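Architecture at a glance
Chain residues, written in single-letter form:
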Amino acid sequence: MIMKRILAATTASVLALAVSQALAADLEMANKIRHEGLYQSEVLHTLEYLTDEIGPRLTASPQMTAANQWTLKQLQSWGLKNAELHPFEFGRGWSSSASSIALTAPRAVSLHGIPVAWTPGTNGPVAGDVMMFDVNTEAELAQYAGKLRGKFLMMGEDLKIEPPNTIIFERLGSDKLNKLKDSEAGARPSYESAMTKALRASRKQAYQFNKALSAFLVKEQVAGVIYRSSRQGGLVRVFGKSHKIGETFGVPAIIIEQEDYGQLLRMLDRKEQPQLTLDIKAQFHDDDKNAYNTIAEIPGTDKNAEVVMVGAHLDSWHASDGAVDNGAGVAVAMEAVRILSKLKVKPKRTIRIALWSGEEQGLYGSRAYVNDFLASRPMPTDPAEKALPRYLWSSPGWPISPKAGYDKLSVYLNMDNGSGQFRGIYTEGNVAVKPVFTDWFGPYMDLTSGTVSPRSTGGTDHESFDDVGLPGFQFIQDPLDYSTRLHHTHIDSIDHVIEDDLKQASVIMAGFLYEAAMSDKKLPRKPMPTPASAVQQQQQDLDSQKEQRKAELEAKRTLESGQL
Ligand SMILES: [Zn+2]
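Just so it is clear, the model here is predicted, and its values are computed rather than measured.

1. Brief notes about the sheet that holds strand β15 (residues 409-414)
- Read from one edge of the open sheet, eight strands run β1-β10-β12-β11-β15-β18-β16-β17, paired in mixed fashion. For this open sheet the edge positions go to β1 (81-89) and β17 (451-453), each flanked by a neighbour on one side alone. On average, each strand axis in the sheet is tilted by 25 degrees relative to the strand beside it, whichever way the strands run.
- Strand direction decides the pairing type here: strand β16 (residues 422-426) and β17, joined by three bridges, are parallel. Bridge pairing in β17 places I425 opposite V452.
- Along the sheet, helix α4 (residues 62-77) makes contact with β1, β10 (290-298) and β12 (350-356), crossing β10 at roughly 10 degrees.
- Relative to the sheet, helix α12 (residues 434-441) contacts β16, β17 and β18 (472-477), its axis offset from that of β17 by approximately 160 degrees.

If you want it as structure tokens, here you go:
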């Protein structure tokens, strides 16, 4: 009987513990966040200002400066404190105020093109013949000496447009979400770039060829170069040449629709000698070689000054308004802190928002922030390697040296996979955070699938944190038509944004931030990253110890059998 009672009491207390653990999230606050975020939302208004009023926000362009200033002011007006711009060295600013490209012979057709970022303008309309220029190595350039003056060069081989075979617009079904949930942890134990030696060598060759190409085209007085868009269906998907001082591409360059490009190719095939007129107005802005991240915070109440962070990149490409890449992420991050500020939360940890610049050129802003405040890594010692872009370095730099902010940061949360609602979160192989995230999704499970995936995802600013062993996470978002049509194309405008998705994401982002700021402990971290070579060395040491023991055992046995 007594035994039974003890058992009952134990069961009850275990149950109570389970319930209290399941309800660790602040449910009343969750209701307030939901109410403010769903019924008094300002997220679309924020995005409208960024896209329709300011427009494209190419890193270090005048419009990006305007966006930095506006976000700073807006965050202050919502009551955020310590708002400031964090500078980092970037290079040249660039903008284009107008451009046109037209076929003038064998017939007159207006073409659709957008200049390549960080390339010069034309100084008025320029006319010339079109010719094919399919060259990939420095050695091949010589054969064109003296043949290119005043010509427009088509950059790239033959093109065949395949029938589209992908779904244009997608929401994640349970099959895909389950796959994400059940997949193996995609941790990179060494945290070294997955690039192989061969791939790095070929990328380095391409980088160096691009420099030689620019010098050659200038010397040969080429009129301009024509690239084809990497998307079909009339979408012009843009990119940029080097933004570094002293590395500017020398001749005007424009990206045109695949279908226009195909037309020019067929005319060349038929020997109809197409002629073009190109007019690009482009400006470089060299008054400031820095770019800036916008930073602001809701100060925490605890004395030990721990921090939770939310972020998204404020810069965009220049083809359109950067609505889903990544105005959406910025609007959601801003809305999340607006909601919390409006609710007058008193977080234990400081809640800090960071709106990055230079993401599109290689995570410059978030890397600079991590390097300045959280953890630094040594630069390459070889001056030739140091002069190369970071992605071509043979090592990310070891060891990692933590700075004052390193131990204070609990978590960094990022949104940059388009404007789709949150369906879950990637844990970057940090499997121990799963129960925590599952708990934080709890009050919002009617709005989301709350999938917690062990997998890693790449390509955006949470990587700058993860790379130095800090917990940085990107949400799993509905893909919508982000990568099929909008990513870096001329139709990345607010027309393609769904307000309810942004509201949902804002509510969950605010909920996560609040819980992260209030929880008893900081989030668990993965072990400090070590170089792959160290991991391999450890394995080799173990292997040789094993061999050693085996040899000793063999020797002993031989000895024993000899004695017998
Ligand atoms: Zn982006």
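We are not done yet, so read on.
2. Examining the sheet that holds strand β9 (residues 275-285)
- Pairing in this open sheet of eight strands is mixed, and the strands run β3-β2-β9-β5-β6-β7-β8-β4 from one edge to the other. Each end of this open sheet is capped by a strand with a single partner; those strands are β3 (109-111) and β4 (113-115). Each strand of the sheet is rotated relative to its neighbour by a mean of 35 degrees, with strand direction disregarded.
- Here strand β7 (residues 224-228) runs beside strand β8 (residues 253-256); their pairing, made up of four bridges, is parallel. Bridging from a neighbouring strand, I226 pairs with I254 of β8.
- Here helix α8 (residues 258-269) sits on the sheet and contacts β2 (93-105), β3, β5 (126-133), β6 (152-155), β7, β8 and β9; the angle it forms with β6, its principal contact strand, is near 115 degrees.

Definitions and cut-offs
- Residues numbered from 1 in each chain as written.
- Predicted model: local features only at pLDDT ≥ 70, side-chain atom pairs only at ≥ 80, totals over all residues.
- Heavy atoms only, no water.
- Pairing = 2+ DSSP bridges.
- Helix = DSSP H or I, 4+ residues; strand = E, 2+ residues; numbered from the N terminus.
- Axes fitted to C-alpha atoms, helices over the stretch in contact; angles between N-to-C directions.
- Contact = heavy atoms within 4.5 Å.

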